[in-house]
Amino acid sequence: MNQSTKDSTLLKSERDRFVAFAFASADILAELDEDGNILFLDGAISGLLQTEAEWLVGEAFISLVHPDDRERGQKLLEQNAKGERIDHESIHLQTKYGDAVPFSLSGYRLKALKDHYYLTLTFMKHSPDASALPNRDRETGLYEKEAFARSATKKIRDASEKGVEVKLTLVDLPELKNLMDQMPPDAVHALLAEMAEYLRATSLGGDSATMVDDTAYSVLMDEEIDQEEVLRHLFEITKKADPSGKGVRAKVKTVDAEIPALTDQDCANALLYTINQFAEESAEKFDINSLSSGYQHMLNDTVQKIGEFKNTIESGNFKLAFQPIVDLKSGITHHYEILTRIEGESSFDNPFSFISFGEQTGIIGEFDLAMCQRAIEVLLEANAEGHYPKVAVNLSGKSLSSNLYIDSLREITKGHKKIAKQLIFEVTESAKITDFDVANDFLQDMRKAGFLCCLDDFGVGESSFTYLRNLQVDFVKIDGSYVRESMATKRGLHLLKAMANMCKELGIVTIGEMVEDEKVAHILWENGVRFGQGYFFGKPNVDASELINCSQPNPFYQGIMRAKRFD
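Residues numbered from 1 in each chain as written. Predicted model: local features only at pLDDT ≥ 70, side-chain atom pairs only at ≥ 80, totals over all residues. Heavy atoms only, no water.

Caption draft 1: How the structure looks around the pattern of salt bridges. Enumeration over the complete set of coordinates arrives at 14 salt bridges. Here K177 and D181 are joined by a salt bridge, their closest N and O atoms 3.7 Å apart. A residue pair is termed a helical-turn pair when its members lie 3 or 4 positions apart in one helix, as K177 and D181 do in helix α6 (residues 176-181) at four residues. The network of salt bridges with common partners includes E337, E426 and K477. (Salt bridge = Lys/Arg side-chain N within 4 Å of Asp/Glu carboxyl O. Helix = DSSP H or I, 4+ residues; strand = E, 2+ residues; numbered from the N terminus.)

This is the structure we're talking about:
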């Protein structure tokens, strides 16, 4: 065998090996010329697309894409032509009969090989629709805001490294809600889906958009995108859907997408918080004109606050405060809720704003872990002195949605079985739990280990009964707003009693908040509530020696059996 033949054989062997590797992770391989026409196509063509590969060679690849995804497919190829990799983007190809077949598309364009496109397509057996994919809004198929922030952060950073200018664009359709109110549900769904598909197709990489609120979107775009064309196209979509034919005019504002010098996760948290703040600052009307002047300032402020939040945790610059929870019948202090007080100068007005910021930026888990660690240390110190108090520490619903946080909390509590019956985990509803199965599995593991669990703020949020249905707990803390209403109206009293009776049937002990005087304590007990918490029993106290009073009579309350009767 001569050298030329050997070289040819070697090249064929290498080519076959790479093709084999490609097919190991994909169902279809495609090579396109610089104009997007198919030069090579192989794989499960006949089985998936019900046609033969050789019949498609020479055709434009975009003609294989289902019409509903064609605009987005073209956008992906255009981005690819600029040197941006297509990375596992969902797209539908069509069979020769017009049926949509879901694929995950990846690929790259190589200048060294005549500017040809090299694509891999993997058949998606499950979750073919974007709306059914993880981190997607079910109605529009767009990224949920948190997922958008993570994806946008990565794409902005990647674009910056390549010297590509990208823009963060907010699109507002202030009259959209009025239009949707005049339309039947199916038509509303179709309208939102069509606008979402267009914005995805227009966005960087073909999938960089999210819905900020009911009438506004945030989209990451290449700077070359014609904003006027975006406005015109959205108007045409709404005009077609509008029964009156008038349509809705959109507003658009664009700023440079800049990423601060933080980790990717912290950058995503800052971006998410900033987007949310723009939506929340003007509840009646999304003030898109404030974007260009306020965005960078707000982002910088968010970055500064993230640093301050983390520094507070790392430096231990916070104190614990203890507030008693009292048995309404006996007057005995059952346990203390651990609250927090921030020390020194702070840009946060109060502990509530500190906690809220941590939840909204997704970094609350770090603080929850620090509080749990402090709670364990307090119990160990008290036990060493011969005292055995019980304490409750708050866990944000946000934290219970994070496997990383859950694993860390398991590690912190491991080896502390002796104090298990003294530590209560109090789940707050101020941030939504996104995976109840994960959260409940963790809580049940803690309960099996001897720890107790409480559901806080019950009744204040729309999801309270969802929480109660999905999370098995030992205590439910009835929100103070219901306690106040029970003192003011018969309706409020009936609601309070119904909650207490329902919890009793479920084997759950109830705690009433905002007990401000002895009369409230009496009403709670008479309507089935077991424990009370409020200023009547004691304000939060930063003196840990307060804990020695656990299991002792409350100094301000003798118990319901000795309470005076009220008219």
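Caption draft 2: Representation of the sheet that holds strand β14 (residues 452-458) in the model. Within the closed barrel, the eight strands sit side by side as β10-β11-β12-β13-β14-β15-β16-β17. Their pairing is mixed. Along the sheet, successive strands turn relative to each other by an average axial angle of 30 degrees, direction set aside. (Pairing = 2+ DSSP bridges. Axes fitted to C-alpha atoms, helices over the stretch in contact; angles between N-to-C directions.)

Caption draft 3: Just the packing of aromatic side chains, in detail. On inspection of all chains with the given rule, the structure shows 14 aromatic pairs. For the pair F458 and F465, a centre-to-centre distance of 5.2 Å together with 70 degrees between the ring planes defines the contact as edge-to-face. A relative accessible area of 0% means that F458 is categorised as buried. Here the aromatic cluster, defined as three or more aromatic residues joined through ring pairs, consists of F309, F318, F348, F354, F357 and F367. Against the face of F235 rests R249, its NZ or CZ located 3.6 Å from the ring centre. The ring of F318 carries the charged tip of R374 above its face, separated from the ring centre by 4.1 Å. (Phe/Tyr/Trp six-rings, centres within 6.5 Å; stacked < 30°, edge-to-face > 60°. Buried < 20%, exposed > 50% of the residue type's maximum accessible area, 1.4 Å probe, protein only. Lys NZ or Arg CZ within 6 Å of the ring centre and 35° of its normal.)

Caption draft 4: Up close: the packing of helix α16 (residues 480-488) against helix α18 (residues 518-526). Relative orientation of the contacting elements α16 and α18 amounts to 95 degrees, with a least axis distance of 11 Å. Here α16 is positioned roughly perpendicular relative to α18, judged by the angle of their axes. Note on element contacts: α18 touches α16 through K519, V520, I523 and L524, opposite V483, S486 and M487. Of the residues contributing to the contact of α16 with α18, the split by class is five nonpolar, one polar and one charged. (Parallel < 35°, antiparallel > 145°, perpendicular 65-115°, else oblique. Contact = heavy atoms within 4.5 Å. Nonpolar A, V, L, I, M, F, W, Y, C, P; charged D, E, K, R; others polar.)

Caption draft 5: Region of interest: the environment of Q50. Looking at where Q50 falls in the secondary structure, it is placed in the loop between α2 (45-49) and α3 (53-56). Owing to a relative accessible area of 33%, Q50 belongs among the partly exposed residues under this scheme. Remark: the alpha-carbon pair of Q50 and T95, spanning 45 residues in sequence, is separated by 5.8 Å.

Caption draft 6: Geometry of helix α8 (residues 227-241). Taking 1.5 Å of rise per residue, the 15 residues of α8 would be expected to cover 21 Å, and the 22 Å separating its terminal C-alpha atoms lies within 8% of that figure. Within α8 the residues assigned to the buried category are V230, L231, L234, F235, I237 and T238. All buried residues of α8 lie within an arc of 160 degrees about the axis, which places them on one face of the element. Seen from the buried face of α8, the exposed residues on the opposite side, beyond 90 degrees, are E228 and K240. Where α8 starts, the residue carrying a side-chain oxygen 3.0 Å from the main-chain nitrogen of E228 turns out to be D226. (Expected span 1.5 Å × (residues − 1). Arc of directions from axis to C-beta. Polar contact = N/O pair within 3.5 Å; in protein donor to acceptor, adjacent residues only side chain to side chain.)

Caption draft 7: Spatial organisation of the nonpolar core. Judged by nonpolar contacts, the single largest core of 74 residues is most densely connected at F309, L400, L423 and F425. If one sorts the elements of this core by residue count, helix α12 (residues 364-384) sits on top with ten residues. (Core = buried A, V, L, I, M, F, W, Y, C linked by side-chain atoms within 4.5 Å.)

Caption draft 8: How the structure looks around the pairing of strand β3 (residues 86-94). Counting buried residues in β3 gives seven out of nine residues, a clear majority hidden from the surface. Here β3 pairs with strand β4 (residues 100-110) via seven bridges, running antiparallel. Its bridge partner lying in β4, H92 is registered against P102.

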